[in-house]
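# Understanding the architecture of this molecule
If you want the building blocks of each chain, they are given just below.
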Number of protein chains: 2
Amino acid sequence: MTTNEHLAGLLRGVELRVTQPRLAVLAAVHELPHADTDAILDASRARLGQVSHQAVYDVLRALTAAGLVRRIQPSGSVARYESRVGDNHHHVVCRSCGAIADVDCAVGEIPCLTASEDHGFTIDEAEVVYWGTCPDCKAS
Amino acid sequence: MTTNEHLAGLLRGVELRVTQPRLAVLAAVHELPHADTDAILDASRARLGQVSHQAVYDVLRALTAAGLVRRIQPSGSVARYESRVGDNHHHVVCRSCGAIADVDCAVGEIPCLTASEDHGFTIDEAEVVYWGTCPDCKAS
DNA sequence: CCATGATCTTGAACGAGTCAAGAAGAGGGG
DNA sequence: CCCCTCTTCTTGACTCGTTCAAGATCATGG
């Protein structure tokens, strides 16, 4: 269970002020993994009664910048957010319905992080997206 | 040199009609790797004098569907296109300026394609994006 | 409890991309 | 070689996720 006290603690931990919209958005991201902004907006309103969509956008940006949530955006999809941060995991995305599931990389802690030729870039993260078909879409 | 005859051959090879807009767009993608739609539109107009942006969008979609070009879209970026297809290569993206460079995966021909737990998905492609800082941005 | 600066509300705007209807053109059949 | 048909291109409007801006509200330190 993610209590408000717990969530408030997370916010204080990254020196963000504790506000109702932030608690609601944070709770929504925790209980709806890979939700898009609109779903998070709905969930937040269900909790508070009224929040502006702008506030949700602002909060999501602040939480992302603080590292409390992670923003993911596969090609052709709107932005989605998840609360699982800090570990090294990736995503499988369904080509036909857009469903997303978490995947731990099989190749070790830091997968593919060493590119064969980095063109002088300083690489700090390797993001992997697996494309395929989800069980539901395979059935039809 | 990518001549019009060569490009026309590519189009016929995938059973697409050979039209001026298609030749221009295909040439633009070949000479401007990782260009966005707007840059491709400009390059196409430089070649033909006049093309509608809608035609460029349509052509890019047709070429992508036919497998002649590949669409890439790192988070927070607009769609970009490249003519290098069919091989297994990935991209480094600069966090501050958005520059993109090609990278061959170091881990073998099919990198990370075996996810540890696929949640029942049928995976057909693994896309890797390396995030970092390009040489130019490191300098400033 | 107050002051101050961060955060939220409201409402407008932006821009990449898509939709729709009709004109133009590619390519096969006569 | 020309015409017919179906695809493709033009024009112009529009959608939708996201951002901008100005003023009101509220969390937090003193």
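Quick caveat: nothing in here was measured; it's all calculated off a predicted structure.

Attention shifts here to the side chain of histidine 91 of chain A. Residue and element names in this part refer to chain A. Relative to the elements of secondary structure, histidine 91 occurs in strand β4 (residues 89-94). At 2.9 Å, the side chain of histidine 91 and the side chain of glutamate 82 are in polar contact. If near-sequence neighbours (up to four positions away) are discounted, histidine 91 is found in contact with His34, Arg70, Ile72, Glu82, Ile100, Ala101, Asp102, Val103, Val128, Val129 and Tyr130.

On to the protein's contact with DNA strand C, then. In the neighbourhood of DNA strand C, 19 residues make up the surrounding shell, with Thr19, Arg22, Ser52 and Ala55 of chain A together with Gln54 of chain B lying closest. The sugar-phosphate portion of DNA strand C accounts for 62% of its atoms within 4 Å of the protein, the bases making up the rest. Contact distances for DNA strand C include 2.7 Å between a base nitrogen and a side-chain N or O atom of glutamine 54 of chain B. Between DNA strand C and the protein, one listed contact pairs a phosphate oxygen with a backbone N or O atom of alanine 79 of chain B at 3.2 Å. Secondary-structure elements contributing two or more residues to the surface near DNA strand C are α2 (20-31) and α4 (53-66) of chain A together with α4 (53-66) of chain B. When its residues are assigned to classes, the surface near DNA strand C shows 8 nonpolar, 8 polar and 3 charged.

Following the UniProt record, the feature "binding site: Zn(2+)" (unreviewed entry) maps to Cys94, Cys97, Cys134 and Cys137 of chain A here. Across 44 residues of sequence, these annotated residues stay compact in space, with a maximum C-alpha separation of 8.1 Å. Looking at the secondary structure, you find cysteine 97 of chain A in the loop between β4 and β5 (100-104). Residue contacts for cysteine 97 of chain A: discarding those within four places in its chain leaves Cys134 and Cys137 of chain A. Among residues more than four places away in sequence, those in contact with cysteine 134 of chain A are Cys94 and Cys97 of chain A together with Phe121 of chain B.

Let us now look at the pattern of salt bridges. Counted by the stated rule, this structure contains 16 salt bridges over all chains. A salt bridge links glutamate 31 of chain B to arginine 47 of chain B; the shortest N-O distance between them is 3.0 Å. In this pair, glutamate 31 of chain B sits in helix α2 (residues 20-31) while arginine 47 of chain B sits in helix α3 (residues 37-48), placing the two residues 16 residues apart along the sequence. Note on arginine 47 of chain B: relative accessible area 40%, which makes it partly exposed. Linking aspartate 102 of chain B and arginine 84 of chain B is a salt bridge whose minimum nitrogen-to-oxygen distance equals 3.3 Å. Linking aspartate 102 of chain B in strand β5 (residues 100-104) with arginine 84 of chain B in the loop between β3 (80-82) and β4 (89-94), this pair joins segments that are 18 residues apart in sequence. Residue classification places arginine 84 of chain B among the partly exposed positions, given a relative accessible area of 28%. Put simply, Arg84, Asp87, Asp102 and Asp104 of chain A are held in one network by salt bridges that share partners.

Our next topic: the sheet that holds strand β2 (residues 70-72) of chain A. Residue and element names in this part refer to chain A. Taking strand neighbours across the sheet as the criterion, the 3 strands line up as β1-β3-β2 in an open arrangement whose pairing is antiparallel. Here the strands that pair on one side only, and so sit at the sheet edges, are β1 (35-36) and β2. Note that β2 and strand β3 (residues 80-82) share 3 bridges and pair antiparallel. Directly across from arginine 70, in β3, lies its bridge partner glutamate 82.

All right, on to the pairing of β4 of chain B then. Residues and elements named next belong to chain B. Judged by how many residues are buried, β4 sits mostly within the fold: 6 of 6 residues are covered. Judged by which residues are buried, β4 turns out to be covered on both faces: His89, His91 and Val93 on one side and His90, Val92 and Cys94 on the other are all buried. Inspection of the sheet shows β4 paired to β5 by 5 bridges, in the antiparallel sense. Bridging across to β5, valine 93 finds its partner in isoleucine 100. In sequence, β4 turns back onto β5 through a hairpin of 5 residues, with glycine 98 there showing a positive phi of about 80 degrees. Where β4 lies against strand β6 (residues 122-133), 4 bridges are found, and the strand directions are parallel. Following the sheet pairing, histidine 91 is matched in β6 by valine 129.

Take the protein's contact with DNA strand D next. The immediate surroundings of DNA strand D are formed by 19 residues, with Val18 and Gln54 of chain A together with Thr19, Ser52 and Ala55 of chain B found nearest. What you see for DNA strand D is that sugar and phosphate hold 64% of its atoms within 4 Å of the protein. Interatomic distance of 2.7 Å between a side-chain N/O atom of serine 52 of chain B and a phosphate oxygen of DNA strand D. If you list the elements that add at least two residues to the surface near DNA strand D, you get α4 of chain A together with α2 and α4 of chain B. Among the residues making up the surface near DNA strand D, the classes are represented as 8 nonpolar, 8 polar and 3 charged.

Parameters and conventions
Residues numbered from 1 in each chain as written. Chains lettered and ligands numbered in written order. Predicted model: local features only at pLDDT ≥ 70, side-chain atom pairs only at ≥ 80, totals over all residues. Heavy atoms only, no water. Helix = DSSP H or I, 4+ residues; strand = E, 2+ residues; numbered from the N terminus. Polar contact = N/O pair within 3.5 Å; in protein donor to acceptor, adjacent residues only side chain to side chain. Contact = heavy atoms within 4.5 Å. Near = heavy atom within 4 Å. Nonpolar A, V, L, I, M, F, W, Y, C, P; charged D, E, K, R; others polar. UniProt positions renumbered as here; feature names shortened; annotations may be inferred. Salt bridge = Lys/Arg side-chain N within 4 Å of Asp/Glu carboxyl O. Buried < 20%, exposed > 50% of the residue type's maximum accessible area, 1.4 Å probe, protein only. Pairing = 2+ DSSP bridges.

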